[in-house]
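# Secondary and tertiary structure notes
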Amino acid sequence: PRWDSHRVLIVGIRLGLGMQDSPTILLVDDEDAIQKLLTFPLQKDGYRVVEARDGEVALRRFDEEDIDLVVLDLALPKLDGLEVCRRLRARSAVPIIMLTARDEEIDKVVGLEIGADDYITKPFSIREFRSRVRALLRRASLTPPASSGAAIEIGPLRIDPARRQVEVEGQSKELTYVEFELVRFLAEQPGRVFSRFDLLEKIWGSSQFRDPRTVDVHVRHLREKLERDASKPELILTVRGAGYRLREP
């Protein structure tokens, strides 16, 4: 079936539940064609699929079931996908990947601003979709417990992995799941330069099918939140032609 250019899919992973032998995926879309198109490859890969046809039902299913991954369409009855995403983000550290029909920066930025962690531009292949699902589930299974890790302090920056909190000059900063993982990873090896592909592999679980600009968008958001002047970064530095590094203590 043809994808509607105004529709968006958001894929997220619910953390803190522990991975099951057969992960459960909540598929939220009001179109039968999309449900069938995506349900078949997911079930073929051994996942259990729970369906929801509107935003309100999606939120109920998320609370009722042990959901490991959510596929969420934007244009839904009763409650749209963006609002569903906001409500899930308010109470969960769900990593989210957005699938958008148009290759426009504004579409990506809007999704990332509400808490999405990644995106794929449509049209996309089912192989690509399945690869993203596997990578996200693998990343969730490898995420260290929240209680592990000592606090990291670099200049005005303080990262507390146990509480998943970041402070700059004593002021707490609100970060998304991926933003936190990205700054923590850089801070664990200050001064070392990581390429965009290095960061995609470590933070997103795979660089396959991913646009390296995804990293640039998240770095820009981090600078807006952590730097005194985002246009003149002092913490997260760009190494031209190579990648990014966090300043050394």
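Here we summarise the structure given alongside this text. Bear in mind the structure is a predicted one, so any value in this text is a computation, not a measurement.

### Focus on the overall build of the protein chain
What the protein chain contains, in helices and strands, is eight helices and twelve strands. The 249 residues of the protein chain split such that 51% are buried. Counting only carbon and sulfur atoms, one obtains 46% of the accessible surface of the protein chain, whose full area is about 11,700 Å².

### Quick notes on the nonpolar core
Judged by nonpolar contacts, the single largest core of 28 residues is most densely connected at L157 and L226. For this core, the elements supplying multiple residues, two or more each, are β7 (152-154), β8 (157-160), β9 (165-168), α6 (177-188), α7 (196-204), α8 (213-226) and β12 (243-246). For this core, the leading source of residues is α6, giving eight residues. With sequence-adjacent residues up to four places away left out, L157 is seen in contact with I152, V166, E167, V168, V183, L226, L235 and L246. Grouped together as the second largest cluster of nonpolar side chains are 19 residues, V57, A58, L82 and V84 included.

### Examining the pattern of salt bridges
Applying the stated criterion across every chain yields a total of 16 salt bridges. Salt-bridge contacts for R134 lead to D45; the nearest nitrogen and oxygen are separated by 3.6 Å. Here R134 is found in helix α5 (residues 126-142), whereas its partner D45 is found in the loop between α1 (32-44) and β3 (48-52), with 89 residues between them in sequence. Exposure remark for R134: the relative accessible area of 38% places this residue in the partly exposed category. Judged by relative accessible area, which is 26%, D45 ranks as partly exposed. Of the charged contacts, one joins R164 and E181 as a salt bridge, the two residues approaching to 2.8 Å between their closest N and O atoms. Placement of R164 in the loop between β8 and β9 and of E181 in helix α6 is noted, with a sequence separation of 17 residues between them. Where salt bridges share partners, they join D32, E51 and R53 into one cluster.

### Re α1
Here α1 is 13 residues long and its end C-alpha atoms lie 18 Å apart, about the 18 Å a rise of 1.5 Å per residue gives. Every buried residue of α1 is accounted for by I34, Q35, L38, T39, P41 and L42. G46, located one to two residues past α1, shows a positive phi value of around 95°.

### Focus on the pairing of strand β11 (residues 236-239)
As defined by bridge partners, β11 adjoins β12 across four bridges and the pair is classed as antiparallel. Residue pairing for β12: I236 is matched across the bridge by L246. Where β11 folds back on β12, the antiparallel hairpin that results is connected by three residues, among which G241 adopts a positive phi of roughly 80°.

Each value, and the rule that gives it
Residues numbered from 1 in each chain as written. Predicted model: local features only at pLDDT ≥ 70, side-chain atom pairs only at ≥ 80, totals over all residues. Heavy atoms only, no water. Helix = DSSP H or I, 4+ residues; strand = E, 2+ residues; numbered from the N terminus. Buried < 20%, exposed > 50% of the residue type's maximum accessible area, 1.4 Å probe, protein only. Areas by Shrake-Rupley, 256 points an atom, 1.4 Å probe, with all protein chains shown as cover. Core = buried A, V, L, I, M, F, W, Y, C linked by side-chain atoms within 4.5 Å. Contact = heavy atoms within 4.5 Å. Salt bridge = Lys/Arg side-chain N within 4 Å of Asp/Glu carboxyl O. Expected span 1.5 Å × (residues − 1). Pairing = 2+ DSSP bridges.

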